[in-house]
Structure formats: structure tokens, C-alpha cells
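# An overview of the molecular structure
Chain residues, written in single-letter form:
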Amino acid sequence: MSKHTETLEIEKSENFESLEAVEPIEPEVELEQETIDEMRSGSELLVESLANESVDFIFGYPGGAVLPLYDTLYDGRIKHILARHEQGATHAAEGYARVSGNTGVVVVTSGPGATNAITGIADAYSDSLPLVVITGQVATPGIGKDAFQEADLLSMTTPITKHNYQVKNVQDIPKIIHEAFHIANTGRKGPVVIDFPKDMGVLSTNAQVTNELELPGYTIPNKPKKDDIQKLRDFLKSAKKPLVLSGAGINHAKANDLFTEFVSRHQLPVVSTLLGLGAIPYEHPLFLGMGGMHGSYASNMALTECDLLINFGSRFDDRLASNPDEFAPNAKIVHVDIDPSEINKIIKVDLGIVADCKATLEFLLDFDSYSIRHEDWLETCNENKTQQPFAYSDDEDGVFSKPQRAIEYIGEITNGDAIVTTDVGQHQMWVAQYYPFKDHGQLVTSGGLGTMGFGIPAAIGAKLAKPDKPVVAFVGDGGFQMTNQEMGILEEYGIDIKIVIVNNGTLGMVKQWQDKFFNKRFSHSVFNGQPDFIKLSEAYNVKAYLIDDPTHLEQKLDEAFQHDGPALIDIRISPVEIVSPMVPSGKANHEMEGLL
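Rules and cut-offs
- Residues numbered from 1 in each chain as written.
- Predicted model: local features only at pLDDT ≥ 70, side-chain atom pairs only at ≥ 80, totals over all residues.
- Heavy atoms only, no water.
- Helix = DSSP H or I, 4+ residues; strand = E, 2+ residues; numbered from the N terminus.
- Buried < 20%, exposed > 50% of the residue type's maximum accessible area, 1.4 Å probe, protein only.
- Lys, Arg positive; Asp, Glu negative; His and termini not counted.
- Charge placed at Lys NZ, Arg CZ, Asp CG, Glu CD.
- Disulfide = S-S within 2.5 Å.
- Contact = heavy atoms within 4.5 Å.
- UniProt positions renumbered as here; feature names shortened; annotations may be inferred.
- Pairing = 2+ DSSP bridges.
- Axes fitted to C-alpha atoms, helices over the stretch in contact; angles between N-to-C directions.
- Patch = residues over 30% accessible without salt bridge, like charges linked within 9 Å, V, L, I, M, F, W, Y side chains within 5 Å.
- Areas by Shrake-Rupley, 256 points an atom, 1.4 Å probe, with all protein chains shown as cover.
- Salt bridge = Lys/Arg side-chain N within 4 Å of Asp/Glu carboxyl O.

What the chain contains, in helices and strands, is 23 helices and 20 strands. Put simply, the chain has 596 residues, and 58% of those count as buried. One way to put it: in the chain the 48 positive side-chain charges average out to a point 7 Å from where the 85 negative ones average out.

Okay, structure coming up:
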């Protein structure tokens, strides 16, 4: 950084203890020795406050504005994972948060470091994942003066965070940290940004870490009202074709066991959203599959024909309810959600219950000792599931591997027990259709924002959260080229993940839509040249396997998954392979195309 480009004295100084542009906090009276002994810098206090929140890992990338903080991190009290890009750091923190249930922590520098993190912050906000993102900022005298690497992160992140802070007094650091963690990981979870000016990391204070909270305007709905539970029970008793929808709220609440017990007691068929997969085991006889745009025939027909729909923790997004006016047209609708703003936002409901899904299920199971069965309705749902399963045909020319079979077989190898991360696109939908998920927290994917490049860094965070679990990242060849630099982390930190590239040489989902809706005008959706992914992987010292012959698919997958250490598997699939069935955008759920 050239000194002649700097406009502030604070930016010219490499000695962080002599910041000429900042008035040091010096009391007018002589300090007692005990007080002097308790003094520490803002950076030291911040790290102590993070340790007080039981932070295991920090995902980050250093820069000038956070050098005082990184100097404190040098002592290693909290393990720091050096990402290769700030977006990768945020996605890794998301993977860690999704799998562990703890708050993911990110530290990035000011300006481009902070703006590079915005995609991950927006992704976490959309999918309700708890993050605390500490963004470096220029020193307080330079804020608002276009200082070098200044960016107004408070304005930028206001629409995509639960809350954001800027530290303006070093003594406020413990309070801000504790509030941020509480806000991020309670209620409807989400990201909180803490903008941390450079001088706040250097100035000294004798403030102590705290567990006190004072958030009078922040309330968390938890338990449902008894009247609402009674009304839901009445609806259930009178229904002839009841259906339950599992959303991300079940998985966030870790309520899958209660959920499975509830639907089993009343023999209620279950449809899942993408982020609700794992709420009930894939192989459970009541599970009809994922619903919506690329959902199963049985699920979408059940949504169309049910006379009662109980939604636990789904926000009725457009991939599930592409045509809200025609969604569940014959049903009374009950919506259980911890966020009151979601009730009646998209689908008008007959009963909205603002409460935690787990607490609601506990109430229902406590009150409901009876069992209601609907044999004819269940038979209809199961017939639909049998007659129109997810299915695929073998490649006629025998040239390409089938992605569906690859995912099925990886499910067999891992016994359906792996943590699975994905990028976004065709492979994401094939994973949702064909991987046999058993439990919550297994699927780590970008749902609401649909972020390419999510899969590899998310897998790294997931593996750090659950080192004893197998972790598989399914990515497309497009998304892989957005964040594959994060593979540099694998050897450095000893992270064993398997990366599966579903490689069709195209932006598969974009091309599929161009094929169907844009008269096969494949505008910039086909890669005319790509790097050698095998050599690229080996450059990162990651064992690589190429599967370009479908007859070797299972053998090569066995070899790769038996390898002790990280591995990359490049599976060549047909560029014309499509995801089916499909509900075209704006159509009702029963208007599926591409059925058998």
C-alpha cells in the first residue's frame, strides 16, 4: 500500500500503539495498579468475548483494518481457518452452523474484504443460518470520508441481516458480542454483522466480558397458544385427506424425532421442502418426497388433493408454491412458524401458529393420545408413489454415466448417513431426489438465495463441525470453478471431504431452461473450454479420480471413498441430461411435465 495514497495519519502508522489521529482514552486521575492489570486492548477483549461464547473456529481472511485483531489471534486461543476468499469463509461458516447448530464466526477486513462476504451473509439470511460476521472498518476519524478501503457496511447489510452494529466505544465490545450471538442463534436464526473500526482494536479498556442481555425490543415466540393447539386438533379430527409439510424449521429446531413420532401416530403422509429434507427418513413409509418444482408426483398430487395441510416451518416459497392461487386449493391450511411475518405472506391460512416447531410438536404429542387413520387417503398417496417414482433410463450410447445412479450409489456407500453439501443447479435437485437422507442436518445446501460456489466451502465447515461423519460435496462444473480455491484448505488443516463434480460441460439448469423456454437458444450456457480438473486437484495435493466410462462408475466410486483423505471425483455426464419431473414456473403443482 503506497503511503502517498493514504489520507489519514492513522493509516500511515504501522505502530498500532501510537495512532496520531486518535485521541487515546486516558483518565485524568492516576489509575490503581489493579485497574492497570485489568487493562487490555479492544482486540484482546473481543477475542475474550468470543471465547466466552464458546467459539471453536473463526473463518477469515486478514487485511490492514483487522491487523490488530489478527495480532491477537496469533496466540491461538481460538482456532482460525484461513479461507482463500471471503465468500468461501462465509460459506464455510454456514456449513459449520448448519451442521453443529452453533453460530458460525467470520472475520474479514474492510472494503473489498467485507463486500466479498456479502454473498454469504445474504445466503445465511435467506436460509436462517446463525452467523456473526466481524467486518474490519477504517478508523473512526476516517469513517464517512472515503478513506482507503472504506465501505458503508451498515447500509449494505441492513436488508440482509437480523441486526448489525458498529463499535464506537471500546468498552461496548463485550455487550455487542454477547447480544450478537444471542440474536443470531435465537428465534428465526440469521446473520449479525459487527463493523469493527481499526482503532477499536487498539484502544485499551478495563471492561469485562459479560453474559448480561438488555434487548427490550427483541422477543422470541416459543410456545404455541393452547387455543391454537385445540383448533389444530379439531381440524385434524375432521380431515379426510390430511397432509403434513416439513420445512427447514423442523431441522433448525432439531425436532425430527418428535415430528416423525407425530406423523406416525396419526399416519399422516409427509411432503418436504428442499431444506426440510431429513425431517423424516427418506425410506419412511409416510414420506412422499420433496414437493414443488422438481418434486415427486406423489408429493405434488398430495398437495393438490389434500383437505388439510399442516405446514411446519416452511415459508411457502415460489419453488414449492409456484402458483399461490392454485396451491392446495381444497385444503384448510395451518402454518406453524417462529417468524410472524411469514404467516399469510404468500399463502392465506386458516390458522397461523407463531411458535417454535419443536415446542408445538411437544404440545401436540402431550395432548394427543389418540390416533386417527385415513386408510383410503394413504393408499392413494402410496399408489401415486409406486406408479410414478423418481426414475431414469440408462444412457443409450453407453458413453456417459448417469448422475442419478452415481448419487444413489454414493448413498449406498455411505449408508445414507453422510453430510451432503451441494452447489446449485441440476446436481442439487438430483441429490434431493436420490440421496437417501436419514436425519436433520445432513443436507447443507443454498436454498433461498441459490448460490453457486456454496458446496466446497460449506463442506469444509460441515466437516469441522462433525469430523467423525463422512462429508460429500456435490458440485457442478460451473459452480466448482467459482470456489475451488478453497481446496487449498484441505491438506493444510487435514480435512477429509469427497468432492463429486457432476460434469456436463454446461451450466446445466440454465441450459435446461433455455432448451424448454427459449427455443434451444443456448446463450453462453455451454463451456467451450475447461481446465483439467484432475490436474487442478492434484496441484492441491488432493487425490483425483476421473470417471469417463459408465462401466467403471461403481468401481471408481468405491476406490475414491475408500481413499484415506480428501478426494475429487470428476464424473462425466451427458450435456442433455435433464432434471424431471418439472413444474414450469407459474404453474400449479399438479401440472408436472416429464413424468414416466
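Let's shift gears to the state of the cysteines. Under the counting rule described, the total for this entry stands at 0 disulfides. Sulfur of C357: no disulfide; nearest cysteine sulfur belongs to C306 and is 18 Å away. The class for C357 is buried, based on a relative accessible area of 4%. Cysteine C381 is unpaired, with the sulfur of C306 as its nearest cysteine sulfur at 8.9 Å.

When you line up the elements, V202 lands in the loop between strand 7 (191-197) and strand 8 (204-205). Classification of V202 as buried rests on a relative accessible area of 16%.

Turning to helix 16 (residues 403-413), a few remarks are in order. All of the buried residues along helix 16 are P403, Q404, A406, I407, Y409, I410 and G411. Contact partners of the buried residues in helix 16: helix 17 (426-434), strand 17 (471-476), strand 18 (498-503), helix 23 (553-562) and strand 20 (567-572). Directly after helix 16, the chain includes N415, whose backbone phi takes a positive value near 60 degrees.

Residues annotated by UniProt as "domain: Thiamine pyrophosphate enzyme N-terminal TPP-binding" (unreviewed entry) correspond here to residues 41-155. Along residues 41-155 the backbone is 43% helical and 19% strand, and the end-to-end C-alpha distance reaches 27 Å.

What follows concerns the sheet that holds strand 6 (residues 163-166). Reading across from one edge, 3-2-4-5-7-6 is the order of the 6 strands in this open sheet, with parallel pairing throughout. A strand with exactly one partner marks an edge of an open sheet, and here the two such strands are strand 3 (79-82) and strand 6. Ignoring which end each strand starts from, the neighbouring axes of this sheet average 20 degrees apart. Relative to strand 7, strand 6 runs parallel, the two being bridged by 4 bridges. Paired with H163 across the two strands is V192, which belongs to strand 7. Its contacts with the sheet place helix 3 (residues 42-52) against strand 2 (57-61), strand 5 (131-137) and strand 7, and it is angled at close to 160 degrees to strand 7. Its contacts with the sheet place helix 5 (residues 86-100) against strand 2, strand 4 (104-108) and strand 5, and it is angled at close to 170 degrees to strand 4.

It is worth spelling out the pairing of strand 2 at this point. Moving residue by residue along a regular strand, the side chains alternate between the two faces of the sheet. Counting buried positions along strand 2 yields 4 of 5 residues, so the element is predominantly enclosed. As defined by bridge partners, strand 2 adjoins strand 3 across 4 bridges and the pair is classed as parallel. Paired with F57 across the two strands is K79, which belongs to strand 3. Sheet topology places strand 2 next to strand 4; 3 bridges connect them, and they run parallel. Across the sheet, Y61 pairs through a bridge with V108, a residue of strand 4.

The subject of this paragraph is the side chain of S246. Counting through the fold element by element, S246 comes out in strand 9 (residues 242-246). For S246, a relative accessible area of 0% puts it in the buried group.

Cis geometry marks the peptide bond from S580 to P581; its omega dihedral reads -5 degrees. Turning to its location among the elements, P581 is positioned in the segment after strand 20. Within the chain, S54 stands out as a residue other than glycine whose phi angle is a positive 60 degrees. Unlike most non-glycine residues, F316 shows phi in positive territory, near 55 degrees. Tracing the chain through its elements places F316 in the loop between strand 12 (308-312) and strand 13 (332-337).

Where like charges cluster on the molecular surface, the negative patch consists of E375, D376, E379 and E383. Its location among the elements puts D376 in helix 15 (residues 375-387).

Looking now at the side chain of H427. By the secondary structure assignment, H427 is in helix 17. If near-sequence neighbours (up to four positions away) are discounted, H427 is found in contact with I407, T422, F474, V475, G476 and V502.

A few words on the sheet that holds strand 11 (residues 287-290). The strand order across the open sheet built from 6 strands is 11-10-9-12-13-14, with neighbouring strands paired in parallel fashion. Looking at strand neighbours, the two that pair on one side only are strand 11 and strand 14 (351-354), the edges of this open sheet. Taking the axes of each pair of neighbouring strands and ignoring which way they run, one obtains an average angle of 15 degrees across the sheet. Direction of pairing for strand 12 relative to strand 13: parallel, over a ladder of 5 bridges. Within strand 13, the position partnered with L309 by the bridge is I333. Of the strands in this sheet, strand 9, strand 12, strand 13 and strand 14 touch helix 10 (residues 226-238), which is tilted by about 140 degrees from strand 14. Of the strands in this sheet, strand 12, strand 13 and strand 14 are in contact with helix 14 (residues 357-367), which crosses strand 12 at around 130 degrees.

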